[in-house]
Amino acid sequence: MQIDEIAKWVEGLRAGFNSGKTRPLQWRRQQLEALIRMLEENADALIAALQADLGKPRPEAWAVDVQVIVNETREALRNLGKWNRPKSVSTPLMAQPGRSAIMRTPLGVVLIIAPWNYPVNLLLAPLVGALAAGNAVVLKPSELSAHTAGLLARLIPAYLDPDCVGLMEGGVPETTELLRQRFDHIFYTGNGRVGRVIMAAAVEHLTPVTLELGGKSPCYVHKDADITTSSRRMVWGKFFNAGQTCLAPDYCLIHEDVYDEMLEAMTNRIREFYGEDPSKSHSFARIINERHHHRLCELIKSGVPVTGGESDAESRYIAPTILTDVAEDSPVMQEEIFGPILPVFRVKSVREAAKFINSRPHPLGLYIFSGNRGVQDELLENTQSG
């Protein structure tokens, strides 16, 4: 699509919404059923595209990017009538003897902008809700996951109503022009820098926005933690999709009493999950592109690898890496890592861990490894996350 055609295209989708065809529950049900068919009939092609873009292992791609959306769509179908039913509420005195109810009506034309790390999941999960609510939808996948975006660009109009659902490929110029159009809601998943751009563009039309942004999510391992369980969960959560997950642990604070034991356990878990040479593992993904690969290689220089540190630019491979001797103001601690690098720090207490976490912007997630409810409550009550 040419940039000068975008405005007319969006208006066409608005005309589809204004025609009223998205309002009947039958239309919504048909679209959701078609979405399930699209995913099930093209699962192999979608997985192949995800492998081409990110080197995703097949089980990972199927479970997180395909099957989870099938399950979510089925859940929407089961609840479609209940979700859209008017809800009676009490009537304030000044409005009596009238009756009051909450009417759930479609917003209009919704724009969904997705990132590249889960390019099927994070594009289609918001679509499920938008369709169930009776909206027309503009989908904008990331240009970085080009194989997946190209495949979805062919599939979406083949399965969903092209009068009310459309997908636009392209990069920054196309997205910039898209954001000049009037939408009734914008849903964006990605980083804070682009989130600010989207919010600024939304001001022009007073468009409400939902921003699901990343952050440096910490882990805290207390001295009473089950080391085997904690290390398995930490390594799985961090290195799934090669660390390219907004909720992945971004750094780890370990109580000094179990610091050495935890480091050894995490190193062993990496070997258990990915073998002696993770570059040959069929369970370990790759970095999205050369620019991010280079960025991550530079971040590794912020500390000393206890394990990992190896990389290969041609295959966009970076080994699962645990860094020690990291300065708090080093580059790896100044931005969300979004890769298979885990800085670890030794702390003496829960209070010190809370102080460390509070010295930087609020994280998206916080992971506490302790069986002591008092420790859990102390860290939760003295930090903010989410």
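Up top you'll find the structure we're talking about.
Residues numbered from 1 in each chain as written. Predicted model: local features only at pLDDT ≥ 70, side-chain atom pairs only at ≥ 80, totals over all residues. Heavy atoms only, no water.

Caption draft 1: The overall build of the protein, seen in detail. If you tally the helices and strands in the protein, you get 13 helices and 15 strands. For 386 residues, the compact-globule estimate of 2.2 N^0.38 gives 21 Å, and the C-alpha radius of gyration of the protein, at 23 Å, lies within 12% of that figure. Considering only C-alpha atoms, the protein reaches an extent of 65 × 60 × 35 Å along its principal axes. Within the span of the protein, comprising 386 residues, buried residues form 53% of the whole. The centroid of the 41 positive side-chain charges in the protein is displaced by 7 Å from the centroid of its 46 negative side-chain charges. (Helix = DSSP H or I, 4+ residues; strand = E, 2+ residues; numbered from the N terminus. Rg over C-alpha atoms; globule rule 2.2 N^0.38 Å. Buried < 20%, exposed > 50% of the residue type's maximum accessible area, 1.4 Å probe, protein only. Lys, Arg positive; Asp, Glu negative; His and termini not counted. Charge placed at Lys NZ, Arg CZ, Asp CG, Glu CD.)

Caption draft 2: Region of the structure containing the packing of aromatic side chains. According to the stated counting rule, one finds eight aromatic pairs in the structure shown. Between the aromatic rings of Y251 and F356, the centroid separation amounts to 5.4 Å while the plane-to-plane angle is 45°, which identifies the pairing as tilted. Of the two residues, Y251 sits in strand β9 (residues 249-255) while F356 sits in helix α12 (residues 350-358), which places them 105 residues apart along the sequence. Each member of the pair Y251 and F356 is classed as buried. The interplanar angle of 65° and the centroid separation of 5.1 Å between the aromatic rings of Y274 and F284 together place this pair among those described as edge-to-face. Here Y274, found in helix α10 (residues 259-274), pairs with F284, found in the loop between α10 and α11 (290-300); they are ten residues apart in sequence, far enough to count as distant. For Y274, a relative accessible area of 8% translates into the label buried. Lying across the ring of Y259, R346 places its NZ or CZ 4.0 Å from the centre. Across from the ring centre of Y251, 5.9 Å away, lies the NZ or CZ of R360, which sits over that ring. (Phe/Tyr/Trp six-rings, centres within 6.5 Å; stacked < 30°, edge-to-face > 60°. Lys NZ or Arg CZ within 6 Å of the ring centre and 35° of its normal.)

Caption draft 3: Structural detail: the pairing of β9. By the criterion of burial, β9 is predominantly enclosed, with seven of the seven residues buried. Of the strand pairs in this sheet, strand β8 (residues 217-221) and β9 are connected by five bridges, and their pairing is parallel. Paired with V221 across the bridge in β9 is I254. As paired strands, β9 and strand β14 (residues 341-347) are joined by four bridges and run parallel to one another. Looking across to β14, one finds that L253 is bridged to F345. (Pairing = 2+ DSSP bridges.)

Caption draft 4: Just the nonpolar core, in detail. Grouped together as the largest cluster of nonpolar side chains are 58 residues, with contacts concentrated most on L39, L124, L127 and L139. No other element matches helix α5 (residues 121-132), which puts eight residues into this core. Not counting the four nearest positions on each side in its chain, L39 is found in contact with L46, V66, I69, V70, V120 and L124. Grouped together as the second largest cluster of nonpolar side chains are 51 residues, Y251, L299, I322 and I341 included. (Core = buried A, V, L, I, M, F, W, Y, C linked by side-chain atoms within 4.5 Å. Contact = heavy atoms within 4.5 Å.)

Caption draft 5: Quick look at helix α4 (residues 58-83). Of all the bends in α4, the largest measures some 35° and sits at Q67. In this structure, the buried residues of α4 make contact with α2 (25-41), α3 (43-54) and α5. (Bend = angle between axes of the 7 residues up to and from the residue.)

Caption draft 6: Focus on the sheet that holds strand β7 (residues 209-213). Strand order in the open sheet formed by five strands is β5-β4-β3-β6-β7, and the pairing between neighbours is parallel. With partners counted over all chains shown, the strands left at the sheet margins are β5 (165-167) and β7, one partner each. Adjacent strand axes in the sheet meet at a mean angle of 10° when their direction is disregarded. Where strand β4 (residues 136-140) meets β5, three bridges bridge the pair, whose relative direction is parallel. (Axes fitted to C-alpha atoms, helices over the stretch in contact; angles between N-to-C directions.)

Caption draft 7: Structural context of the sheet that holds strand β13 (residues 321-324). In spatial order, the strands read β10-β13-β14-β9-β8-β15; together these six strands make up an open sheet with mixed pairing. Each of the sheet's edge strands pairs with one partner strand only, and the pair in question is β10 (304-307) and β15 (367-369). On average, each strand axis in the sheet is inclined to that of its neighbour by 30°, with strand direction left out of account. As defined by bridge partners, β10 adjoins β13 across three bridges and the pair is classed as antiparallel. What sits directly across from P305, in β13, is L323.

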